[in-house]
Amino acid sequence: MKDIITYIVVIFMGIVGGGASIYILVSIPVMLIWKIYRKFKYGYSMFD
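Keep in mind that what you see is a predicted model, and the values were worked out from it rather than measured.

> Could you give an account of the overall build of the protein, naming the residues involved and the relevant values?
Each helix and strand counted, the protein has one helix and zero strands in total. Dimensions of the protein, computed from C-alpha atoms along their principal axes, come out at roughly 60 × 15 × 10 Å. Working note: accessible area of the protein is about 4600 Å², and carbon and sulfur atoms make up 78% of it.

Following this line, the structure appears as structure tokens:
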């Protein structure tokens, strides 16, 4: 019984950790592209 609970916890932690990693992997390039776009289109600072 303990083995089943251990496997369930490990799978759950893998899904949560993987989701966070994918979010970071996608959001950082999107944010950089958005800031560069605003810089050239509207002249805003990239640090706002």
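Back to the write-up after that little detour.
> An account of the side chain of K35 is requested, with residue identities and associated values reported.
Positionally, K35 belongs in helix 1 (residues 2-42). Leaving out residues up to four positions away in the same chain, K35 has contacts with M46 and D48.

> Let's hear about a nonpolar patch on the surface: which residues, and what values?
A cluster of nonpolar side chains, contributed by M1, I4, I5, I8, V9, F12, M13 and V16, occupies part of the molecular surface with about 870 Å² of accessible area. Tracing the chain through its elements places I4 in helix 1.

> Break down the packing of aromatic side chains for me, with residues and values.
The tally for this structure, following the rule as stated, stands at three aromatic pairs. Judged by centre distance (6.5 Å) and plane angle (90°), the rings of Y37 and Y42 are edge-to-face. For Y37, a relative accessible area of 38% corresponds to the partly exposed category. What links up through ring pairs into an aromatic cluster is the set W34, Y37, Y42 and Y44.

> Tell me about the environment of I36, residues and numbers included.
One can find I36 in helix 1. According to the relative accessible area criterion, I36 is partly exposed, its value standing at 38%. Distance from I36 to M46, taken between C-alpha atoms, is 6.9 Å for residues 10 residues apart in sequence.

So, how was this worked out
Residue positions are counted from 1 within each chain, in the order its sequence is given. Local features in this predicted model are restricted to residues whose pLDDT is 70 or higher, and side-chain atom pairs enter the listing and the counts only when it is 80 or higher, whereas totals over whole chains, interfaces and linings include all residues. As a convention, hydrogens and water are excluded, and side-chain values are obtained from all of the structure's heavy atoms. Put simply, DSSP marks the helices as runs of H or I at least four residues long and the strands as runs of E at least two long, and each gets a number from the N terminus on. Using the Shrake-Rupley algorithm and a 1.4 Å probe, accessible areas are obtained, with residue cover drawn only from the displayed protein chains. Residue contacts follow a heavy-atom distance rule, with two residues in contact if any of their heavy atoms lie within 4.5 Å. To count toward a patch, a residue needs a relative accessible area above 30% and no salt bridge. Like charges then connect within 9 Å, nonpolar side chains (Val, Leu, Ile, Met, Phe, Trp, Tyr) within 5 Å. Salt bridge, as used here: a side-chain nitrogen of Lys or Arg that lies within 4 Å of a carboxyl oxygen of Asp or Glu. In this scheme Phe, Tyr and Trp rings, the latter by its six-membered ring, pair at centre separations within 6.5 Å, and the angle between planes marks the pair as stacked below 30 degrees, edge-to-face above 60, and tilted otherwise. Burial classification: accessible surface area is computed with a 1.4 Å probe over protein chains only, and a residue below 20% of its type maximum counts as buried, one above 50% as exposed, and the rest as partly exposed.

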